[in-house]
Amino acid sequence: MMAEEIEKNASKFGPRWQRKKEDRPQEILDAAVELFVQQGFAATKVSQIARKAGVTPGTLYVYYKNKEAILQEVVMKALSPIFYDADSILNNYAGTAKDLVSILIEKWWNAVGGESKISGIPKLISAEASNFPELSDFYKKNILTPAYNYIRLVLEYGIKTGEFQIENVNAVAYTILCAFHGAVLDAHSFKIAASNGVQVGLFKGMFHDLVLHGILKTK
């Protein structure tokens, strides 16, 4: 009798009610990132995330301590795989520095430069940085600083192979990071590029060419 009652009640709620317990954390993160990007971090309530994920607020707190913990997990799960890929490439790469730049720009742009949920995260963090300094520090430590260091490694590799001519590696790495991050922010906020007919694919190609033309050693 009890089994029949459970089955009857489960059918009222549909497939979400019957999903596996281990799927819930990811469903909470998926719901959270969508709401965060749409509404902003401050404006999004835990109850909204829970409702969108199909769980109760109490269930949400079983997995995540608070809203800040949810956002940090969103950022790390979304962006850290990009760095894992970069690690794998850099640890095993033996080709030209020019080709390495092309490979990494392509991979990073495909991951965060389009219209995916992930690409809205830089906008989200930038918008909330002044109101939530701890989130700003978290993003700087776990995303921006590693990205900057990867760029430095690539530039230093090119100097070592004799392909790049760079006087100030730090300044060039900073310029590249700012240009890339700024373009992602613009795509989700100001839309200067889109309003002037600069398509995403065109920017990616021009960004790639400008970087290489600025650092390649001339004969």
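The structure this text deals with has already been given above.
Residues numbered from 1 in each chain as written. Predicted model: local features only at pLDDT ≥ 70, side-chain atom pairs only at ≥ 80, totals over all residues. Heavy atoms only, no water.

Chemist: So what exactly am I meant to see when it comes to the environment of Y61 here?
Modeler: Tracing the backbone through its elements, the reader meets Y61 in helix 4 (residues 57-63). The exposure class assigned to Y61 is partly exposed, which follows from its relative accessible area of 43%. Sequence-wise, Y61 and V46 are 15 residues apart; in three dimensions their C-alpha atoms are separated by 9.2 Å. With sequence-adjacent residues up to four places away left out, Y61 is seen in contact with V46 and N66. (Helix = DSSP H or I, 4+ residues; strand = E, 2+ residues; numbered from the N terminus. Buried < 20%, exposed > 50% of the residue type's maximum accessible area, 1.4 Å probe, protein only. Contact = heavy atoms within 4.5 Å.)

Chemist: Can you walk me through the side chain of T44 in this structure?
Modeler: Checked against the element boundaries, T44 lands in the loop between helix 2 (24-39) and helix 3 (46-53). Leave out the neighbours within four places in its chain, and T44 touches L35, F36, Q39, I49 and K67.

Chemist: Any chance you could explain helix 8 (residues 133-160) here in plain terms?
Modeler: Each full turn of the α-helix corresponds to 3.6 residues, which orients residues three or four apart in the same direction. For helix 8, spanning 28 residues, the distance from its first C-alpha to its last is 38 Å, which sits close to the expected 40 Å at 1.5 Å a residue. Remark: the principal bend of helix 8, roughly 40°, maps to K140. Along helix 8, the residues that are buried comprise L135, F138, Y139, I143, A147, Y150, I151, V154, L155 and G158. Contact partners of the buried residues in helix 8: helix 5 (67-92), helix 6 (97-112), helix 7 (121-128), helix 9 (169-188) and helix 11 (200-215). Once helix 8 finishes, G162 follows within two positions and takes phi at roughly 85°, a positive value. (Expected span 1.5 Å × (residues − 1). Bend = angle between axes of the 7 residues up to and from the residue.)

Chemist: Would you mind going over the pattern of salt bridges with me for this structure?
Modeler: Opposite charge on two side chains makes pairing possible when the charged atoms of those side chains draw close. Under the counting rule described, the total for this entry stands at three salt bridges. One salt bridge connects E34 with K52, and the closest N-O pair in it is separated by 3.5 Å. Of the two residues, E34 is situated in helix 2 and K52 in helix 3; the sequence distance between them amounts to 18 residues. Relative accessible area serves as the criterion here: at 29%, E34 is assigned to the partly exposed category. Across the pair E156 and R152 runs a salt bridge whose closest N-O atoms are separated by 2.4 Å. In this pair, E156 and R152 both sit in helix 8, four residues apart, roughly one turn of the helix. (Salt bridge = Lys/Arg side-chain N within 4 Å of Asp/Glu carboxyl O.)

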